[in-house]
Every structure is written in structure tokens, then in C-alpha cells.
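Here are the chains, one letter per residue:
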Amino acid sequence: MVAPLVAVRLRSQLSALRSSPWAAAGYVLLALMLLPLFIGLTVGLSSLRFLPDARSPLMLTAGAVLVLVWTFGSVLFFAMDDSVSPQRLALFPLRSRDLVVPLLVSDLITLPGVFTLLVCCGFVIGWATDPLLAIAGIASTVLGLITGMLAGRILVTALSRWLAARRSRDLLYVVLLLGLIAISWGVPLLGRGMFNLGLNWETVELMGGAAGWTPMGWAWTLPADLVAGRSGLAALRLALALVLLAAMIWLWSRQLDRALTTPLPSAGSGAPTVSSPWLDRLFPPGPAGAIAARNLRYLRRDPRRFASVLVIMATPFFVVFANMVRDEKLVPEFLWLVVALATWMGGIGALQDTPMDGSALWLHAVSGIRGFEDRLGRLMANSLIYGGTFVVTMVLASALLGAWGIFPFAFGLGLGTLIANQGMSLLVSSFLNGTAPPPGTNPFTSTSKGQGAAFLASLLQMLGSVILLLPVAGMVFASYRFPLLGWVFLPLGPVLGVLAALGLISLGGRRLDRTWPEVLKAVTYEK
């Protein structure tokens, strides 16, 4: 069964890349951007062979981190798409023992799997200073890699079953997104705190020793114990690692048996929908107004859209909090960083608007709606949603930073940039889109289709944001030189932002009129 499942995974990835040159370009660009990082990790681990005193604690810590990354990265970064998921194999006469090894091997031919194998080469080379340690290094690396992959599979399968309930999906989706932001800012803070406390060699040895006694580190301790002459301890922790591996294989086999015999139900929300006629009165009558009102309704019903709003509001405050924890002086000019983050992430939210419609976009394509009306409706809804979050963010950030002196022109220029950035995102999404899991399904599933295109679209949107910020930077310097200009920019900024956004969505609308079928194919989620 290994060869057929690997072939299915490869065909799925190749067909996704062949479907769009943009997707292929984005996928290759993503791989090239990540390659130096993983080459550096591999070289760093390999060079530990020349540092025998530092090798054991650093190798144990790195191995435990690798297991953790595979465990949670399988969920957060879609290391495992659903092209060979157990639910899709339920119609075949297969048992769990036929799938355990093939599914693990198929995970290794994904982009995260290839990079993981590259890092594992660093572990093997780092320990290969004599034949016994080389054999022990190979054995511990294989054991540690399988442990991490099994933990990731178990977690994904367990969450898929639990996430069959709509309310659970909504809650976990929001919590994980906010947790990801907290981790991205918390790790540097933790590192800085350890540095301030004095990160000495004793601390490194303590971290390595602690990692070796955790379930994540048991598999990596064999060569470290052998080089230290602790053969009894090496046998004990090897036995613990093998017992853990056997337990994980048994648990995942049970999960596979259940998945093969009782596929996940397509559970939706049982709550009745509530009409909100006041939304229709917020926007002018016509197709654009109807699309804008529909987007606002989806904000309440679709957790993906609601979560993006929470993330946009939370990110600037994580930045402010991080600097407060580091005891750095928060000057009022720090408000400009909050403005830049809020406007950029507001654009990311608009960029995801079209893919979140998925195959439901066919209704726009066949209803005679012009591309400009589609873009205008999305612009009105997203500007209202993210403009409201921008107001709240700016007021709270100004209060925290004591930046009321620069608030008027920071608010005016920031709001204008946000609206213009919405237009830039809608222009990019008129010709380049990824895919998103349909509403009501597991939000952590993905396919290979659209991943490269989504990454490239994000890069183009970021480049467009930088271009839009260049004239704004000039206005900022001018307002500092001539303070009265700040009050001029308070009303002028939003007006200029609206004009820029209208020009951008006009280009996007004309593009959309010519390519409705291609855009619909790009955003349609295919299992």
C-alpha cells in the first residue's frame, strides 16, 4: 500500500501545481524562501560533532522541539492535506494495519516532510563521530521522527472527530489563531527574558537534561547516554521511547479503524438563522449593496471571518505589550507601527474574502453581476468591518502610548491607507486566489491546490501595501514639519484612500469580467 498512497499524494500535488502557473510559482518561491533556514539548521546540527561538550544538550533540545513542531505544526501549518485522509479511504476494503506505514511515508514527500528529512540529516551527521554513535544517531533520529509524525497524526485525527460539532470548530479556530499570535510574540520575549537572566552553560545543560526526560525527548537520548557512558540509563530511556511508540501506534490504529468504519458526519449548525433587515439599509440598493450586506451577515455566521477580525485587532496590542514587557520606552511615534500593522492585516482580511466564498461564487458569475459591482460590494463591507476595528485599535493604542498629539493625522492617514489597501487586495484576488475549507467543515483541512497561489497572492498584497505606504510616509514627514497639515490629513486621508481603492477595484472588476470561470475554479475547494 505504500506505493499507491505515495503515488496518489504525488499526483495530487502535481495536479495542483499544473492547474495554475501562479500556484507553481508561489510554491517554488515558498520552498526557496524556506530552504536557507533549513540548510542553516542542518549545518548547525552537523557542526555540533566538533563541539562534544555542547552536543548532547543541544541535540536533545532540538530533537524535542522537532517532535513538538510536527505535533502542532500538523494542525497549524497544514503539514498533512486530506488527499489521502482516512475518511477518503473508507470505501476501500482496507484495515488500519494496511495504512499506518503508507500514510506516514506519504507525509514525508510533502514540503514539510522533505525539509524535516533535511534537518534529520543534521542529527545523523552530528552524532557520526564513531561507528557506534553513528548507528545510535540513526536509530534515535528515525525513532524521534516517527514519534513526532505519529503525534501529529493522532492530534489531527482526534481534532477532526471532535470538530465534527460546529460550535467546537468555531471556538477552537478562534483560540488557535489568537494563540498563534501570542506564541509568535511570546517566544522572542521568552528568549530575551532568559538572556536577561543570564543564559549560561549550566542553563543549556539543564534544558537538555529536562528535554531528555520528557516524552518528546526519550527517542533522542540514546547516543547522548552512550557517549556519557550511561548504558543502563540509555537502555531505560530507549525502552520508554519504544513503549511510547507502541502505544501511539496502537492509539492511531484505533483511530484509523474508527475513521474507516464511521466517516465524519457533515455536521452543521442547528441554530436557526435570524434575519437582519437593518443590514440592507446600511448600503445603497443594487448588486453591490446586496453583496456588502451578505458579507456582514457572514461575519456573524462564519467563524473564519470573525476570527480574522479578532486577529487584526489583537496583533497591534501584542506588539505594544511585547515592548512594555521588555521595559522599552513607548514613545508616541510607536503608534505608526500600530497603524502599519493594522492596515496591512486589514488588507490580508480582504484578500481572503473571495476564497472564503468558495464554490458559492458561481452565483455571482451566472447572475450577470459585473466584476466592479462584486469588488465594490466587498470593498464597502470590508471597509466597514476593518474600519471599525481600526477605530477601536487606534483609540486604545493612543491611550496606551499617550499619543493623542499625533492621533488626528495618524488616524486620517491610517484609515485612508486601510481603505486603499482593501482595494489593492481586491485587485490581487481578482486574478490570484488560494482555496479555503468550506464553511461548516474542519477548518484545519487543506489540499495542495491553491497553496502556492495563496502564498504568492500574499506576497503581492504585501508589495502593494509597501507601495501605498510610500506616499503616506512622505505625508507623515510633512505633517511633523508643518503640524497644521495633520488636521488637513484627518479628512483628506480617507478621501484619497477611497479614490485609490475605487481605481484599484475598477481594474480588478474588468479583470474579473474576463475571467469569472478561472476565478471560480481557483477558489473551489476540491477534496
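Just so we're clear, the structure is a prediction, and the values are computed from it rather than from any experiment.

Participant: Could you give me a rundown of the overall build of the protein chain, with the residues and numbers involved?
Facilitator: When its secondary structure is counted, the protein chain shows 21 helices and zero strands. Taking contacts inside the protein chain between residues at least 6 apart in sequence as the whole, the part at least 24 apart equals 84%.

Participant: Let's hear about the nonpolar core: which residues, and what values?
Facilitator: Core analysis: the largest hydrophobic core is formed by 39 residues, its most contacted members being Leu 99, Phe 123, Trp 220 and Trp 252. If you list the elements that add at least two residues to this core, you get α2 (21-47), α3 (52-76), α4 (100-107), α5 (111-127), α6 (131-162) and α10 (231-261). Residues contacting Leu 99, with those up to four places away along its chain left out, are Met 1, Leu 5, Leu 89, Leu 94, Leu 256 and Leu 260.

Participant: Tell me what's going on with the packing of aromatic side chains, and back it up with residues and numbers.
Facilitator: A complete count under the given rule lists six aromatic pairs for this structure. Relative to Trp 220, the ring of Phe 123 has its centre 4.6 Å away and its plane inclined at 35°; by these criteria the two rings are tilted. On the criterion of sequence distance, the pair formed by Phe 123 in helix α5 and Trp 220 in the loop between α8 (201-212) and α9 (222-227) is long-range, its members being 97 residues apart. Each member of the pair Phe 123 and Trp 220 is classed as buried.

Participant: Give a description of the pattern of salt bridges that names residues and reports values.
Facilitator: Enumeration over the complete set of coordinates arrives at nine salt bridges. When the shortest N-O distance is used, the salt bridge between Arg 370 and Glu 373 registers 3.8 Å.

Participant: Before we move on, could you go through the packing of helix α14 (residues 335-351) against helix α18 (residues 407-428) and cite the residues and values that matter?
Facilitator: Contact geometry for α14 and α18: axes closest at 8 Å, N-to-C directions at 25°. The angle between α14 and α18 falls in the class roughly parallel. For the element pair α14 and α18, the recorded crossing hand is right-handed. Touching Leu 335, Trp 336, Val 339, Ala 342, Thr 343, Trp 344, Gly 346, Gly 347, Ile 348, Ala 350 and Leu 351 of α14 are Phe 407, Phe 409, Ala 410, Leu 413, Gly 414, Thr 417, Leu 418, Asn 421, Gln 422, Ser 425, Leu 426 and Val 428, all from α18. When its residues are assigned to classes, the contact of α14 with α18 shows 15 nonpolar, eight polar and no charged.

Participant: Go over the environment of Val 476, please, and point to the residues and values.
Facilitator: Mapping Val 476 onto the fold places it in helix α19 (residues 451-481). Of the residues examined, Val 476 reaches a relative accessible area of 12% and is grouped as buried. Separated by 10 residues in the primary sequence, Val 476 and Gly 486 place their C-alpha atoms 8.3 Å from one another.

Participant: Give a detailed account of the environment of Leu 460, specifying residues and quantitative values.
Facilitator: Tracing the backbone shows Leu 460 in helix α19. Counting along the chain gives 32 residues from Leu 460 to Val 428, while the straight-line C-alpha distance between them is 7.2 Å. Excluding its chain neighbours within four sequence positions, the residues that come into contact with Leu 460 are Val 428, Phe 431 and Leu 432.

Participant: Summarise a nonpolar patch on the surface; cite the residues concerned and give the values.
Facilitator: Nonpolar side chains collect at one region of the surface, where Val 488, Leu 492, Val 495, Leu 496, Val 498, Leu 499 and Leu 502 lie side by side and expose about 530 Å² of accessible area between them. Among the secondary structure elements, Val 488 is positioned in helix α20 (residues 484-514). The partly exposed category is assigned to Val 488, whose relative accessible area is 42%.

Participant: Tell me what's going on with the confidence of the model for the protein chain, and back it up with residues and numbers.
Facilitator: For the protein chain, per-residue confidence averages 79 on the pLDDT scale, and 77% of positions sit at 70 or higher. With pLDDT under 50 throughout, residues 266-271 is counted as low confidence; its partners more than four residues away or in other chains account for six contacts.

Participant: A description of the packing of α18 against α20 should follow, citing residues and the corresponding values.
Facilitator: Axes are the key here: two packed helices are described by the angle between their axes and the distance separating the axes. Relative orientation of the contacting elements α18 and α20 amounts to 0°, with a least axis distance of 7 Å. By the angle class used here, α18 and α20 are roughly parallel. Each residue belonging to the contact of α18 with α20 can be placed in one class, and the counts come to 20 nonpolar, seven polar and no charged.

Participant: I'd like a rundown of helix α21 (residues 516-523), residues and numbers included.
Facilitator: Along α21, the positions that sit buried rather than exposed are Trp 516, Val 519 and Val 523. Viewed end-on, α21 has its buried residues packed into an arc of 65°, placing them on one side of the element. Opposite the buried face of α21, by more than 90 degrees, sit the exposed residues Pro 517, Glu 518 and Lys 521. Taken together, the buried residues of α21 touch α15 (353-357), α16 (362-366), α17 (371-401) and α20.

Participant: A description of the side chain of Ser 425 should follow, citing residues and the corresponding values.
Facilitator: Mapped onto the fold, Ser 425 is located in helix α18. Owing to a relative accessible area of 0%, Ser 425 belongs among the buried residues under this scheme.

Participant: Could you give an account of the environment of Pro 517, with specific residues and numbers?
Facilitator: Examined against the element boundaries, Pro 517 turns out to sit in helix α21. Among the residues examined, Pro 517 registers a relative accessible area of 56% and is labelled exposed.

Participant: So what about α5? Which residues, and what values?
Facilitator: The terminal C-alpha atoms of α5, which comprises 17 residues, lie 25 Å apart, in line with the 24 Å expected from a rise of 1.5 Å per residue. Restricting attention to buried positions, one finds in α5 the residues Leu 111, Gly 113, Phe 115, Thr 116, Val 119, Cys 120, Gly 122, Phe 123, Gly 126 and Trp 127.

Participant: With reference to specific residues and values, describe the state of the cysteines.
Facilitator: Going through the model one piece at a time under the given rule, you end up with zero disulfides. Note on Cys 120: no disulfide assigned, nearest cysteine sulfur contributed by Cys 121 at a separation of 7.3 Å. For Cys 120, a relative accessible area of 6% translates into the label buried. Residue classification places Cys 121 among the partly exposed positions, given a relative accessible area of 40%.

Procedures and definitions
Residues numbered from 1 in each chain as written. Predicted model: local features only at pLDDT ≥ 70, side-chain atom pairs only at ≥ 80, totals over all residues. Heavy atoms only, no water. Helix = DSSP H or I, 4+ residues; strand = E, 2+ residues; numbered from the N terminus. Contact = heavy atoms within 4.5 Å. Core = buried A, V, L, I, M, F, W, Y, C linked by side-chain atoms within 4.5 Å. Buried < 20%, exposed > 50% of the residue type's maximum accessible area, 1.4 Å probe, protein only. Phe/Tyr/Trp six-rings, centres within 6.5 Å; stacked < 30°, edge-to-face > 60°. Salt bridge = Lys/Arg side-chain N within 4 Å of Asp/Glu carboxyl O. Axes fitted to C-alpha atoms, helices over the stretch in contact; angles between N-to-C directions. Parallel < 35°, antiparallel > 145°, perpendicular 65-115°, else oblique. Left-handed = near helix turned anticlockwise from the far one by under 90°. Nonpolar A, V, L, I, M, F, W, Y, C, P; charged D, E, K, R; others polar. Patch = residues over 30% accessible without salt bridge, like charges linked within 9 Å, V, L, I, M, F, W, Y side chains within 5 Å. Areas by Shrake-Rupley, 256 points an atom, 1.4 Å probe, with all protein chains shown as cover. pLDDT = per-residue confidence, 0-100. Arc of directions from axis to C-beta. Expected span 1.5 Å × (residues − 1). Disulfide = S-S within 2.5 Å.

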